[in-house]
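Structural description and commentary
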Amino acid sequence: MPPHLPEFVDPLEFADKRRRLVGELPLAMFDRIQEFLSEKRGSVRIELEFGKDGRWSVVTGRVEGDLALQCQLCMEPLNLQVQLKVSLGVVGSLDEADRLPGAYEPLVFGGGVPMRLLDLVQDELVLAIPPIPQHSDCGSAVRAEPRQESKHRENPFAVLAQLKNND
Ligand SMILES: [Zn+2]
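An account of the accompanying structure is given in this report. Just so it is clear, the structure is predicted and the values come from calculations on it, not from any experiment.

Rules of the game
- Residues numbered from 1 in each chain as written.
- Predicted model: local features only at pLDDT ≥ 70, side-chain atom pairs only at ≥ 80, totals over all residues.
- Heavy atoms only, no water.
- Phe/Tyr/Trp six-rings, centres within 6.5 Å; stacked < 30°, edge-to-face > 60°.
- Helix = DSSP H or I, 4+ residues; strand = E, 2+ residues; numbered from the N terminus.
- Buried < 20%, exposed > 50% of the residue type's maximum accessible area, 1.4 Å probe, protein only.
- Lys NZ or Arg CZ within 6 Å of the ring centre and 35° of its normal.
- Salt bridge = Lys/Arg side-chain N within 4 Å of Asp/Glu carboxyl O.
- Donors = N, O, S within 2.8 Å, 3.2 Å for Na, K, Ca; no water.
- Contact = heavy atoms within 4.5 Å.
- Pairing = 2+ DSSP bridges.

**A look at the packing of aromatic side chains**
Ring pairs (aromatic) are described by centroid distance and by the angle formed between their planes. Here the structure, examined in full by the defined rule, presents one aromatic pair. The interplanar angle of 70° and the centroid separation of 5.2 Å between the aromatic rings of Phe14 and Phe50 together place this pair among those described as edge-to-face. With Phe14 in helix α1 (residues 11-16) and Phe50 in strand β4 (residues 43-53), this pair connects stretches of sequence that are 36 residues apart. Exposure remark for Phe14: the relative accessible area of 5% places this residue in the buried category. Over the aromatic face of Phe14 sits the side chain of Arg19, whose NZ or CZ is 4.4 Å from the ring centroid. The side chain of Arg55 reaches across the aromatic face of Trp56, ending 4.3 Å from its centre.

**Quick word on the pattern of salt bridges**
Opposite charge on two side chains permits pairing when their charged atoms draw close. The tally for this structure, following the rule as stated, stands at 10 salt bridges. Note that Arg20 is salt-bridged to Glu47, the shortest N-O span being 3.3 Å. You can see Arg20 sitting in strand β2 (residues 20-26) and its partner Glu47 sitting in strand β4, a full 27 residues away along the chain. Classification of Glu47 as partly exposed rests on a relative accessible area of 28%. Here Arg45 makes a salt bridge to Glu64, at a shortest N to O gap of 3.8 Å.

**A short note on the coordination of the zinc ion**
Taken together, the protein donors to the zinc ion comprise Cys71 (SG), Cys74 (SG), His135 (ND1) and Cys138 (SG), at separations of 2.0 to 2.3 Å. Residue classification places Cys71 among the buried residues on the basis of a relative accessible area of 0%. The exposure class of Cys138 is partly exposed, given its relative accessible area of 22%.

**What about the environment of Arg19?**
In this structure, Arg19 sits in the loop between α1 and β2. Between the C-alpha atoms of Arg19 and Val59, which are 40 residues apart in sequence, the distance is 9.7 Å. In this structure Arg19 touches Phe14, Leu48, Glu49 and Phe50, once residues within four positions along its chain are discounted.

**A few points about the pairing of β2**
Of the two faces of β2, the one holding Leu21, Gly23 and Leu25 is buried and the one holding Arg20, Val22, Glu24 and Pro26 is not buried anywhere. In this structure, β2 lies alongside β4, joined through seven bridges in antiparallel fashion. Looking at the pairing, Leu25 lines up with Val44 of β4.

As structure tokens, this is what we get:
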């Protein structure tokens, strides 16, 4: 863990202290996304603010990074720019999550044992990765070209037809 980021966070305590975490976490540390990565170097930038919104403890900020995934159609690298907006409300249970203001996603934290900062960020990252990563134009690029070619061929015939009409 980089020295300026804590390994564990207590979201309630951090919110009381209005703590702000800024730094980078190496991609290699996120065990749940390793299977999707074709390139494991690089890091994820985080900017998280713990604070209060009314009676709620909240975590807001950003998670950003460039992930090198693998296209599941052509197996070539696929770059995914991740720019996530974090907006979490700390709840003790999922029942309580129903009462969260609309802007927040629930972060279930029972209190007591602090959670790993890595897990907090990883839960967000996992959501950003599509279930089957693929290039948006993969497979369709080959088929698109012949269509343009046939359009060009129409012109000579049109000219011929005009010449015949002039006879
Ligand atoms: Zn592809």
